[in-house]
Amino acid sequence: MARSQTLDEIVKNNLNSEQINEFNRIYYGREDHCEIKFKPASVIASEKFEVELAAYSFHAAKEEVRKPRLVKLGLVQHSIVLPTNEPLISQRKAIFNKVENIINIAASEGVQILCLQETWSMPFFLCTGEKDKWSEFAESAENGPSTKFISNLSKKYSMVIISPILEIDNNNIWWNTAVVVDNGKYLGKHRKNHLPSVGSFSETAYYAPGNLGHPVFETQYGKIAVNICFGRHHALNWLMFALNGAEIVFNPSATISEFGESFWGIEARNAAIANGFFTCSINRVGIEEFIKTRDNKKITRSYYGSSYITAPNGCRTPGLSRVKDGLLIGEIDLNLCRQIRDHWGFPMTSRLEMYSKELNEKQ
């Protein structure tokens, strides 16, 4: 069995239609994935640029008072383009070109809110233990090259774009940051709250833990938040975004098979169920190779993609490819958030006052 196969491909190749429906019902929460067809021009463009396309819809019950609040989401996963020993400016420009092609496809399909993967405009060099060599990838959140690039596309398509970058502030402190741009205008940023330190891998030597709390951004299409990568392992991180009013929480990531692929499909799905919002999980793909300057040692990191969307009722989409660049589109109805919260009553029964009291007592 090829490691590059997705679970959906394995199921499709080994089960009959009746068995697939039953698998989907149990595993994905619904028998029918509610696939959306792409325009012929989008399919042609995806073949030209070698981008996997997938699109699904999530429906809410019809209401008498509120009209449907339909929003199209876009999740982009991609590999780097040039070897990591190429000039940094060349590497970034090549990624810009690739991502622009994907965003153009998303725009042609009516995507209104789009999220890129963690530190999308650079290789994820944090495994090298080296900092100075890569410092030119660090940029201003407000007016750095990535923000300027994304802002132009955001304005062109009246799109909300979430751009996770490596930020350097006015005090030369680095942050792992997600910039939110709405219709070309800088709306704000969120800094990664939880930094991994697992075995020999640690991000704490690169940048500081986030200091902006849990901001929720009120965009023209809905209230969104960004839970960057490692934050998905912390249930209270998700909870705070919900308490602050988020309807959609994006989780841009750069995670490898050796850490967490077995629970990649669980955490964001659990968060959607527990908090009554949509969750969007994005992971990069491809193999990235680095040569460490101090000892000439080669380091290889392999990312497994598998980006997916979960609705507040726990139904989720199939994941994108483990190995290919991809665009996942989800047409959602934000009315489903309140419908599910009212139906299951989790906010009503949460007992936050009890948790708060006990947590304060343990300080």
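To start, this report covers the structure provided alongside it.

Structural notes on the pairing of strand 14 (residues 298–304)
Sheet topology note: the strand 13 (residues 285–291)/strand 14 ladder contains seven bridges and is antiparallel. Paired with glycine 286 across the bridge in strand 14 is tyrosine 303. Hairpin geometry of strand 13 and strand 14 is characterised by an intervening segment of six residues between the two adjacent antiparallel strands and by a positive phi of about 60 degrees at asparagine 296.

Structural notes on the pattern of salt bridges
Per the counting criterion, the structure on display carries 16 salt bridges. A salt bridge links arginine 25 to glutamate 22; its shortest N-O distance comes to 2.8 Å. In this pair, arginine 25 and glutamate 22 both sit in helix 2 (residues 17–27), three residues apart, roughly one turn of the helix. Classification of arginine 25 by relative accessible area gives partly exposed; the value is 41%. For glutamate 22, a relative accessible area of 35% translates into the label partly exposed. Counted as one network, the salt bridges with shared partners bring together Glu142, Glu167, Lys189 and Arg191.

So, a nonpolar patch on the surface
A grouping of Leu236, Met240, Leu243, Leu352, Met354, Tyr355 and Leu359 is seen on the molecular surface, where their side chains present a nonpolar patch of about 610 Å² in accessible area. Secondary structure elements with two or more residues in the nonpolar patch: helix 6 (235–243) and helix 9 (352–361). If you tally residues by element for the nonpolar patch, the top one is helix 9, at four residues. Structurally, the position occupied by leucine 359 is in helix 9.

Overview of the sheet that holds strand 15 (residues 308–310)
Either a parallel or an antiparallel arrangement is found when strands of a sheet pair, and the pairing is made through backbone hydrogen bonds. Spatially, five strands are ordered 9-10-11-12-15 in an open sheet, and the strand pairing comes out mixed. The two strands at the open ends of the sheet, each matched to only one other strand, are strand 9 (217–218) and strand 15. Along the sheet face, helix 6 touches strand 10 (223–226), strand 11 (248–253) and strand 12 (278–283) and points at about 145 degrees away from the line of strand 11. Contacts from helix 7 (residues 261–275) reach strand 11, strand 12 and strand 15, with the element oriented near 155 degrees to strand 12.

A closer look at the environment of phenylalanine 124
Inspection of the secondary structure assignment puts phenylalanine 124 in the loop between strand 3 (113–115) and helix 5 (145–157). You can call phenylalanine 124 buried: its relative accessible area is 1%. In sequence terms phenylalanine 124 and arginine 301 are 177 residues apart; their C-alpha atoms lie 8.7 Å from each other. Excluding anything up to four places from it in sequence, phenylalanine 124 contacts Glu118, Thr119, Phe201, Glu203, Ala254, Arg284, Glu288, Phe290 and Tyr303.

A few points about the nonpolar core
Core analysis: the biggest nonpolar cluster contains 33 residues, and Ile113, Ile224, Ile248, Phe250 and Phe278 have the highest contact counts within it. In this structure phenylalanine 250 touches Leu73, Leu75, Ile113, Cys115, Ile162, Ile224, Ala225, Val226, Asn227, Cys280 and Ile282, once residues within four positions along its chain are discounted. In this structure, Val51, Ile103, Ala106 and Ile150 belong to the second largest nonpolar core, which totals 30 residues.

What to know about helix 8 (residues 335–344)
Within helix 8, the full set of buried residues consists of Asn335, Leu336, Cys337, Gln339 and Ile340. Buried residues along helix 8 sit against strand 12 and strand 16 (326–333). Just downstream of helix 8, glycine 345 is the residue with a positive phi angle, here 70 degrees.

Each value, and the rule that gives it
- Residues numbered from 1 in each chain as written.
- Predicted model: local features only at pLDDT ≥ 70, side-chain atom pairs only at ≥ 80, totals over all residues.
- Heavy atoms only, no water.
- Pairing = 2+ DSSP bridges.
- Helix = DSSP H or I, 4+ residues; strand = E, 2+ residues; numbered from the N terminus.
- Salt bridge = Lys/Arg side-chain N within 4 Å of Asp/Glu carboxyl O.
- Buried < 20%, exposed > 50% of the residue type's maximum accessible area, 1.4 Å probe, protein only.
- Patch = residues over 30% accessible without salt bridge, like charges linked within 9 Å, V, L, I, M, F, W, Y side chains within 5 Å.
- Areas by Shrake-Rupley, 256 points an atom, 1.4 Å probe, with all protein chains shown as cover.
- Contact = heavy atoms within 4.5 Å.
- Axes fitted to C-alpha atoms, helices over the stretch in contact; angles between N-to-C directions.
- Core = buried A, V, L, I, M, F, W, Y, C linked by side-chain atoms within 4.5 Å.

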